[in-house]
Amino acid sequence: MSSWKFPNLKLTKKQRVILGSFLILLGIALFLSFTSYLFTWKSDQSLIGDFFNRELEAKNWLSKFGAQISHLFIFSGFGIGAFNIALLTILTGIYLFLSLSIKRLINYWFWGLYVMAWLALSLAFILPSQPLLSGIVGVEINQFLIHYVGSFGVGFLLSFLFIIYIVIRLGWTPDHLITHFQSKKSDLKEEFFTSKESSDLENSKVSSETTNNEITSVETPENEIKITSTAVNQENDNTSEEIKKSSEKIEIGSDNPDDVKMEVQAADEEDEIDELSNKLVQDFGEFDPTLELSNFQFPKIDLLEDYNKGKGITIDQNELEANKVKIVDTLKNYKIGIADIKATIGPTVTLYEIIPEAGIRISKIKNLEDDIALSLSALGIRIIAPIPGKGTIGIEVPNQNPSIVPMRSVVSSPKFQQAEMQLPIALGKTISNETLVVDLAKMPHLLMAGATGQGKSVGLNVILTSLLYQKHPAEVKFVLVDPKKVELTLFNKIERHYLAKMPDVEEAIITDNTKVVNTVNSLCVEMDARYDLLKDAMVRNIKEYNQKFKARKLNPEDGHKFLPYIVLVIDEFADLIMTAGKEIETPIARLAQLARAIGIHLIIATQRPSVNVITGMIKANFPARIAFRVTSKIDSRTILDAGGADQLIGRGDMLFTQGNDLVRLQCALVDTPEVDRITEFIGSQKAYPDAHILPEYQGEESGTSLDDNIEERDSRFKEAAEIIVTAQQGSTSLLQRKMKLGYNRAGRIIDQLEAAGIVGSFEGSKARQVLINDLNSLEEHLNNE
């Protein structure tokens with residue numbers, strides 16, 4: 001199926017409307033002809049083959065045309081399954097008329113013809129004496145198969161073809177059916193108890209109306225109103241209850257007693273809702289979002305490698321002492337005395353904390369960074385002057401024999417296992433050999449940068465793996481953008497567990513930059529919808545909303561549902577900015593500004609942290625940053641607003657900040673085979689029927705909605721068209737140079753040229769294809785519009 005491609009037909013909007021209208025009417029005509037044929041085929045049998053004899057009259061609703069075409073498709077063809085031809089023709093016309101995507105239509109045609117053929121063969125097998133139902137094609141194929149495989153063989157074949165349809169087309173599996181029936185059973189049970197609860201509530205209201213309540217309102221000079229409510233004894237066959245309400249004072253800022261009544265009524269309704277929700281919680285317990293995949297098992301620690309074989313950090317005392325002596329001697333050469341020095345050993349870097357003698361200026365030590373690196377014969381020396389909160393000066397020196405930090409060691413650490421966070425991430429280990437666990441929900445977005453081969457892709461895998469080890473598929477969904485097409489493909493195996501995608505998209509992991517814009521805009525639509533839900537629920541963030549939903553205080557019939565966290569991961573953001581520019585920067589900035597409260601979080605990685613990629617708008621909304629080794633101080637300041645990333649030693653050595661202090665740590669290592677085992681383990685378990693579906697977003701395939709309107713075209717449209725056709729290059733920059741236009745106006749003209757069928761569609765960094773060969777053809781094309 002995925003290899004099928006619809007012919008690349010270049011139709012104008014007018015042509016699509018005309019062709020679509022024709023196909024819709026043709027499909028309706030076929031449907032009426034087929035329906036009439038079922039009742040008039042005997043009367044019209046003599047007309048078949050004698051189409052041009054005007055003395056003969058047909059009974060079919062569409063006369064001879066209807067009789068002839070129906071005989072061809074139904075009797076001589078596929079029987080009543082031929083109705084699919086009529087329906088598919090109508091559907092094709094609708095798609096063309098409305099200029100919808102053709103890709104989904106191909107799917108409809110394939111399965112429509114599949115069902116037609118299966119129905120013809122099935123009816124011929126079950127009712128061999130009724131060729132009208134199965135058609136001659138069905139009868140002949142059935143007889144052919146029976147001759148070679150027998151009746152049992154044909155029955156098995158039909159059953160197998162039916163299973164293919166319900167599994168591939170409908171997505172029904174045994175697990176899915178069991179879950180469906182269990183949920184239906186649960187819904188019926190809940191509906192029964194809800195209706196019973198409503199009935200009890202109505203009975204209590206009727207009883208309360210018969211109660212004699214005396215309400216006395218007294219207005220006081222202090223603008224206070226007293227409401228006294230006394231209930232008399234109420235008796236019935238089952239219960240005898242005495243309701244007493246003591247006097248209450250309600251202070252209000254209005255002299256109108258009706259306002260007080262409305263307040264009391266609203267309070268009573270809210271109390272009733274709380275009482276009903278508490279009753280539901282008592283009867284059924286809190287709503288469990290993981291119920292559909294209640295048997296889901298989190299990945300086991302054994303799936304991860306222990307690269308150190310259980311060994312900790314090896315301490316070389318000789319190396320420590322030698323480095324201490326060299327640091328002290330180097331500083332003495334510049335007449336800097338040291339009062340004390342101590343070392344803290346990390347996986348890849350050792351921190352030497354020194355206390356200088358009184359009167360020594362910190363800046364003097366800071367300026368000796370290169371001299372200390374020379375004396376130690378080491379790369380990646382970093383001086384922290386002073387260390388925040390300690391009153392000492394830190395000198396970070398790389399170890400001669402660095403240790404690997406396996407993902408297994410950080411995942412199994414108590415700090416990660418016992419983390420009470422919404423989206424816990426175990427990044428690695430600090431210089432003091434402590435596991436660093438952070439909450440993505442608190443960041444709330446993360447920006448990553450580093451030169452090629454310094455650990456960015458491994459860092460992304462570490463983040464995703466951390467969440468897979470902590471969060472159930474019902475609690476978090478990933479939107480993955482992978483322009484490299486190789487870094488995140490392993491996560492395809494967990495598509496129906498953890499991934500989210502747009503409707504009608506075949507693969508959840510996005511590798512085409514042109515599709516990223518629609519996906520990010522779809523997340524903006526999701527964000528707005530979630531804010532509407534929070535507003536209706538009268539809560540401020542996703543955590544409060546989900547707690548309220550679990551407590552059954554929100555009605556699903558009002559559109560409320562459990563909201564999973566959504567994590568958008570974009571690798572190689574520089575490539576995306578280069579091809580899409582403002583088109584992608586604007587929705588990303590909007591998500592970064594607003595999406596935190598409703599549980600959408602962004603992780604953006606780039607290997608080129610220049611200011612035209614990481615713009616001020618993006619940096620302002622990404623307080624959390626990770627910097628692997630970069631090539632220059634400028635890149636370091638771009639990503640961190642501080643130096644230091646250019647002095648890292650690479651291979652996972654990184655700096656992390658959440659908007660305050662910089663923390664140096666060694667990123668955990670999770671290799672491709674480990675990710676493969678984890679995704680294989682998750683993917684082999686029962687899953688949802690499909691990936692999490694994001695809201696549909698209709699991108700502007702050809703500029704704006706005005707581009708097809710000739711009256712709305714730019715005044716210099718024809719001049720631009722002549723320049724493009726003459727140069728045979730569909731480029732915005734060409735129009736800017738030749739016509740001395742601004743970028744926005746030139747871009748609009750290019751979109752109008754695309755809508756007019758003069759240039760092709762956007763192809764990333766390549767120039768658009770010019771569809772008109774010469775000026776004469778252009779003139780003829782414009783005149784025919």
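Scoring rules and cut-offs
- Residues numbered from 1 in each chain as written.
- Predicted model: local features only at pLDDT ≥ 70, side-chain atom pairs only at ≥ 80, totals over all residues.
- Heavy atoms only, no water.
- Helix = DSSP H or I, 4+ residues; strand = E, 2+ residues; numbered from the N terminus.
- Buried < 20%, exposed > 50% of the residue type's maximum accessible area, 1.4 Å probe, protein only.
- Contact = heavy atoms within 4.5 Å.
- Areas by Shrake-Rupley, 256 points an atom, 1.4 Å probe, with all protein chains shown as cover.
- Salt bridge = Lys/Arg side-chain N within 4 Å of Asp/Glu carboxyl O.
- Patch = residues over 30% accessible without salt bridge, like charges linked within 9 Å, V, L, I, M, F, W, Y side chains within 5 Å.
- Lys, Arg positive; Asp, Glu negative; His and termini not counted.
- Charge placed at Lys NZ, Arg CZ, Asp CG, Glu CD.
- Arc of directions from axis to C-beta.
- Pairing = 2+ DSSP bridges.
- Axes fitted to C-alpha atoms, helices over the stretch in contact; angles between N-to-C directions.
- Parallel < 35°, antiparallel > 145°, perpendicular 65-115°, else oblique.
- Left-handed = near helix turned anticlockwise from the far one by under 90°.
- Expected span 1.5 Å × (residues − 1).
- Core = buried A, V, L, I, M, F, W, Y, C linked by side-chain atoms within 4.5 Å.
- Polar contact = N/O pair within 3.5 Å; in protein donor to acceptor, adjacent residues only side chain to side chain.

**Observations regarding the overall build of the chain**
Scanning the chain from terminus to terminus reveals 25 helices and 20 strands. Residues classed as buried in the chain amount to 43% of the 785 residues present. Taking as baseline every contact in the chain between residues at least 6 positions apart, the subset at least 24 positions apart corresponds to 66%. For the chain, the exposed surface amounts to about 42600 Å²; the carbon and sulfur share of it is 53%.

**So, the pattern of salt bridges**
This structure, assessed with the given rule, holds 22 salt bridges. When the shortest N-O distance is used, the salt bridge between Lys 501 and Asp 690 registers 3.8 Å. Here the residue Lys 501 occupies a position in strand β14 (residues 500-501), and Asp 690 occupies one in the loop between α21 (672-683) and β20 (692-693), the gap between them amounting to 189 residues. Judged by relative accessible area, which is 9%, Lys 501 ranks as buried. The network of salt bridges with common partners includes Arg 382, Glu 396, Asp 653 and Arg 664.

**Thoughts on a negative patch on the surface**
A cluster of like negative charges, contributed by Asp 532, Asp 536, Glu 557 and Asp 558, occupies part of the molecular surface. With respect to the helices and strands, the residue Glu 557 is situated in the loop between α16 (542-550) and β15 (565-570). Take Glu 557: its relative accessible area is 73%, and that puts it in the exposed class.

**Examining helix α23 (residues 732-739)**
Three or more residues of α23 are buried, namely Thr 732, Leu 734, Leu 735 and Met 739. In a view along the axis of α23, the buried residues occupy a sector of 155°, so they form one face of it. On its buried face, α23 is in contact with α22 (717-727) and α24 (743-755). A positive backbone phi angle near 55° is found at Lys 740, which sits one or two residues after α23.

**Looking at the environment of Pro 609**
Residue position: Pro 609 is located in the loop between β16 (600-606) and α19 (616-620). According to the relative accessible area criterion, Pro 609 is buried, its value standing at 2%. Separated by 18 residues in the primary sequence, Pro 609 and Ala 627 have C-alpha atoms spaced 9.6 Å apart. Apart from the residues lying within four places of it in its own chain, the contact partners of Pro 609 are Ala 449, Ile 614, Val 630, Asp 635, Thr 638 and Ile 639.

**Observations regarding the sheet that holds strand β11 (residues 435-439)**
Spatial ordering of the open sheet is given by β11-β10-β19-β18-β17-β12-β16-β15-β13, a layout of 9 strands whose pairing is mixed. Edge positions in the sheet fall to β11 and β13 (476-481), since each has one partner strand and no second. Looking at each pair of strands side by side, their axes are set apart by 30° on average, direction ignored. Pairing between strand β10 (residues 424-430) and strand β19 (residues 663-667): 3 bridges, direction antiparallel. Bridge pairing in β19 places Thr 430 opposite Leu 665. Of the strands in this sheet, β10, β12 (446-449), β13, β15, β16 and β19 touch helix α13 (residues 456-470), which is tilted by about 130° from β10.

**Some details on the pairing of β12**
Within a regular strand, the side chains alternate between the two sheet faces. Burial along β12 is two-sided: the face carrying Leu 446 and Met 448 and the face carrying Leu 447 and Ala 449 are both buried. Relative to β16, β12 is paired through 4 bridges, and the arrangement is parallel. Among the inter-strand pairings, Leu 446 is bridged to a residue of β16, identified as Ile 603.

**What to know about the packing of α23 against α24**
Where α23 meets α24, the closest approach of the two axes is 9 Å, and the angle between their N-to-C directions is 120°. By the criterion of interaxial angle, the relationship of α23 to α24 is oblique. As α23 packs across α24, the resulting crossing turns out to be right-handed. Along its contact with α23, which presents Thr 732, Leu 735 and Gln 736, the element α24 presents Tyr 743, Ala 746, Gly 747, Ile 749 and Ile 750.

**Quick notes on a nonpolar patch on the surface**
Nonpolar side chains collect at one region of the surface, where Leu 25, Ile 28, Phe 31, Leu 32, Trp 61 and Leu 87 lie side by side and expose about 600 Å² of accessible area between them. The dominant element in the nonpolar patch, judged by the number of residues it contributes, is helix α1 (residues 13-40), at 4 residues. By the secondary structure assignment, Trp 61 is in the loop between α1 and α2 (63-78). For Trp 61, a relative accessible area of 57% gives the class exposed.

**Section: α21**
Here α21 contains 12 residues, and its C-alpha end-to-end distance of 16 Å stays within 8% of the 16 Å for a straight helix at 1.5 Å per residue. Within α21, the full set of buried residues consists of Glu 674, Val 675, Ile 678, Thr 679, Phe 681 and Ile 682. Within α21, the buried residues cover an arc of 155° as seen down the axis, which keeps them to one side. Buried-residue contacts for α21 involve α13 and α14 (495-498).

**Topic: the nonpolar core**
Core analysis: the biggest nonpolar cluster contains 110 residues, and Leu 427, Phe 478 and Phe 656 have the highest contact counts within it. The element contributing the most residues to this core is helix α15 (residues 513-537), with 9 residues. Apart from residues no more than four positions distant in its own chain, Phe 656 is found in contact with Leu 427, Leu 436, Val 438, Met 443, Leu 446, Arg 625, Ile 626, Asp 661, Leu 662, Val 663 and Leu 665. By size, the runner-up hydrophobic cluster in this structure holds 21 residues, among which are Phe 717, Leu 735, Ala 756 and Val 770.

**Digging into the sheet that holds strand β8 (residues 382-384)**
Here we have 4 strands laid out as an open sheet, ordered β6-β7-β9-β8, and antiparallel in their pairing. Across the chains shown, the open sheet's two edge strands, defined by having one partner strand only, are β6 (338-345) and β8. Taking each pair of neighbouring strands and ignoring which way they run, the sheet shows an average axis angle of 20°. The pairing of β6 with strand β7 (residues 349-356) spans 7 bridges and is classified as antiparallel.

**Description of the packing of α1 against α2**
Packing of α1 against α2 brings their axes to within 9 Å, and their N-to-C directions diverge by 80°. The pairing of α1 with α2 is recorded here as roughly perpendicular in orientation. Across the interface between the two elements, Leu 30, Ser 33, Phe 34 and Tyr 37 from α1 touch Gly 66, Ala 67, Ile 69, Ser 70, His 71, Phe 73, Ile 74 and Phe 75 from α2.

**Observations concerning the side chain of Glu 353**
Secondary-structure assignment places Glu 353 in strand β7. Within polar-contact distance, the side chain of Glu 353 engages the side chain of Thr 392 at 3.1 Å. Ignoring anything within four residues of it in the chain, the contact list for Glu 353 reads Asp 340, Ile 341, Lys 342, Thr 344, Ile 387, Lys 390, Thr 392 and Ile 393.

**As for unusual backbone geometry**
Going from Met 443 to Pro 444, the amide bond is cis rather than trans, its omega being 0°. Of note, Pro 444 is situated in the loop between β11 and β12. Positioned with a positive phi, Ser 63 is a non-glycine residue whose angle comes to about 55°. Following the sequence through the fold, Ser 63 ends up in helix α2. Its identity as a non-glycine residue notwithstanding, Gln 728 has a phi of 55°, on the positive side. By secondary structure assignment, the location of Gln 728 is in the loop between α22 and α23. Owing to a relative accessible area of 39%, Gln 728 belongs among the partly exposed residues under this scheme.

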